[in-house]
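The lines below spell out each chain.
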Amino acid sequence: MDFTFTEEQQAAAEAARGVFAGVAPDTVPSPSLTAGAVADDFDRALWSRLAEADLLSLTTAPEYGGAGLDAIALCLVLREAAQVLARVPLLQHSAATAAVQAHGGEQLRSALLARAGRGEVVLTVAASGRTGHDPAERAVTARQEGPDWILDGVQTAVPWAYGADLVVVPAHTAADRTVLALVPRRHPGVVLAEQISTTGERLAELRLESARIPAREIIDVDGAWEWLRDLLATGTCALALGLGERVLRMTSDYTSKREQFGFPVATFQAVAVQAADRYIDLRAMEATLWQAAWRHSSGTQGALPVSGVVAVAKVWAADGVRRVVQTAQHLHGGFGADVDYPLHRYHAWAKHLELSLGPASAHEESLGDLLAAHPLG
């Protein structure tokens, strides 16, 4: 398996590093000191810079003004975004537009993709279900009524919902099929209730009460939701990897300068062993991430379906990012809890990513079911 990145993928990562170079992770109030949300909206100035650098249209086809790249390029950019805690809906927006391109009708693609690539329309995805533990597609019902679809149900913890123009909502039909509905944030029958994440950002409980959505705003294609769900999970693993790499680098810098008994604490065996264990976590997170991104973007067949390799990546990302930030807090000592130092923000974002990915034990169970259904060898 060759994980060498193409020139185009490397160029996307380089462009992202340029855009994120001036972003500081402590430009909003600390979630530890704020009772409510740290900000009412995402970073619109950064969003504009991403649009100008063509990073909002990475996976969009050239005929719609995009670069025509794949999930690997997107994950490279997300990896850079997480290192500075970029407060933008880059993952949700990019995954939603990729799903529209892959499974939407021509009318929908023509109306949406070019504008989304320029950042004029912002998309997010409702992927947490009613409680955060149940399948998202079971939380909302969809039924056809004339030329429209009627949606009823609740989705919790929708990221960046208050700043998005459209929310992609999976919903199940009476025939037990899943459709994707592009629901405007301001629309009859659509109600948002504020929730606050561990990062201090605004989430929303999305309530749909007989919301009428035109058929042209519905993606009714088998496998579309599963495709989008796997891409969201893979992108979340990329965010976890980028955050973990930045935190381990912060820990290395700190322990190399902090002295005890006249020596840098990084030279102590107990410190070095813990840091080495976390480095191994990150390399495992990286290998499983790129395998998942490659399988998703290439469509290559393997011993397991794409959902299997995504489950492996989620196991490593959910447990790995937690272990990295916990070790970082431990090795920083009391300094790691100082709200004037950014480590506590990374810890909060890592917890949010871990919760978004779900418990590793659940993914291990689903992986066991897949292995039973697809015996290896």
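Conventions used here
- Residues numbered from 1 in each chain as written.
- Predicted model: local features only at pLDDT ≥ 70, side-chain atom pairs only at ≥ 80, totals over all residues.
- Heavy atoms only, no water.
- Helix = DSSP H or I, 4+ residues; strand = E, 2+ residues; numbered from the N terminus.
- Buried < 20%, exposed > 50% of the residue type's maximum accessible area, 1.4 Å probe, protein only.
- Contact = heavy atoms within 4.5 Å.
- Axes fitted to C-alpha atoms, helices over the stretch in contact; angles between N-to-C directions.
- Parallel < 35°, antiparallel > 145°, perpendicular 65-115°, else oblique.
- Left-handed = near helix turned anticlockwise from the far one by under 90°.
- Nonpolar A, V, L, I, M, F, W, Y, C, P; charged D, E, K, R; others polar.
- Core = buried A, V, L, I, M, F, W, Y, C linked by side-chain atoms within 4.5 Å.
- Salt bridge = Lys/Arg side-chain N within 4 Å of Asp/Glu carboxyl O.
- Pairing = 2+ DSSP bridges.

**Student:** Sorry, what's going on with the environment of Lys 314 here?
**Tutor:** For Lys 314, the position within the fold is in helix α8 (residues 306–332). Since its relative accessible area comes to 19%, Lys 314 is described here as buried. Expressed as a C-alpha distance, the spacing of Lys 314 and Val 100, which sit 214 residues apart in the sequence, is 24 Å. Contact partners of Lys 314, with chain neighbours within four places excluded, come to Ala 233, Cys 237, Leu 357 and His 363.

**Student:** Explanation requested: the packing of helix α4 (residues 90–103) against helix α5 (residues 106–117) in the structure shown.
**Tutor:** How two helices sit against one another is set out by the angle between their axes and by the gap between those axes. Put simply, α4 and α5 touch, their axes get as near as 10 Å, and they point 150° apart. Classified by the angle their axes make, α4 and α5 are roughly antiparallel. In this structure, the crossing between α4 and α5 has a hand that is left-handed. Seen from α4, the contacting residues are His 93, Thr 97, Val 100 and Gln 101; seen from α5, they are Leu 108, Arg 109, Leu 112, Leu 113 and Ala 116. Across the contact of α4 with α5, the residue classes tally to five nonpolar, three polar and one charged.

**Student:** Help me out: how do you make sense of the nonpolar core in this one?
**Tutor:** A general trend in soluble globular proteins is that nonpolar side chains are found buried together. Phe 20, Leu 50, Leu 228 and Leu 243 are the most contacted members of the largest nonpolar core, which totals 89 residues. The leading source of residues in this core is helix α6 (residues 224–257), at 15 residues. What Leu 50 contacts, discounting residues up to four positions off in sequence, is Val 19, Phe 20, Leu 55, Leu 56 and Val 88. Counting 21 residues, the second largest nonpolar core, distinct from the first, contains Ala 126, Leu 208, Ile 213 and Ile 218.

**Student:** What should I look at first to understand the pattern of salt bridges in this one?
**Tutor:** A side chain with one charge can pair with a side chain of the opposite charge if their charged atoms come near. Here the structure, examined in full by the defined rule, presents 26 salt bridges. The shortest N-O distance in the salt bridge between Arg 79 and Glu 286 comes to 3.2 Å. In this pair, Arg 79 is assigned in helix α3 (residues 71–83) and Glu 286 in helix α7 (residues 269–298), connecting sequence segments 207 residues apart. Of the two residues, Arg 79 and Glu 286, both sit in the buried class. Two residues, Glu 120 and Arg 118, come together in a salt bridge whose shortest N-O distance is 2.8 Å. The exposure class assigned to Arg 118 is partly exposed, which follows from its relative accessible area of 47%.

**Student:** When you look at the pairing of strand β5 (residues 178–184) in this model, what are you seeing that I'm missing?
**Tutor:** Counting buried residues along β5, six of its seven residues qualify, which places the element largely inside the surrounding structure. Across seven bridges, the pairing between strand β4 (residues 166–172) and β5 is antiparallel. Paired with His 172 across the bridge in β5 is Thr 178. Once β4 ends, the chain turns through five residues before running back antiparallel as β5, passing Asp 176 with a positive phi of about 60°. The pairing of β5 with strand β8 (residues 218–219) spans two bridges and is classified as antiparallel. In the sheet register, Ala 181 faces β8, and the bridge partner there is Ile 218.

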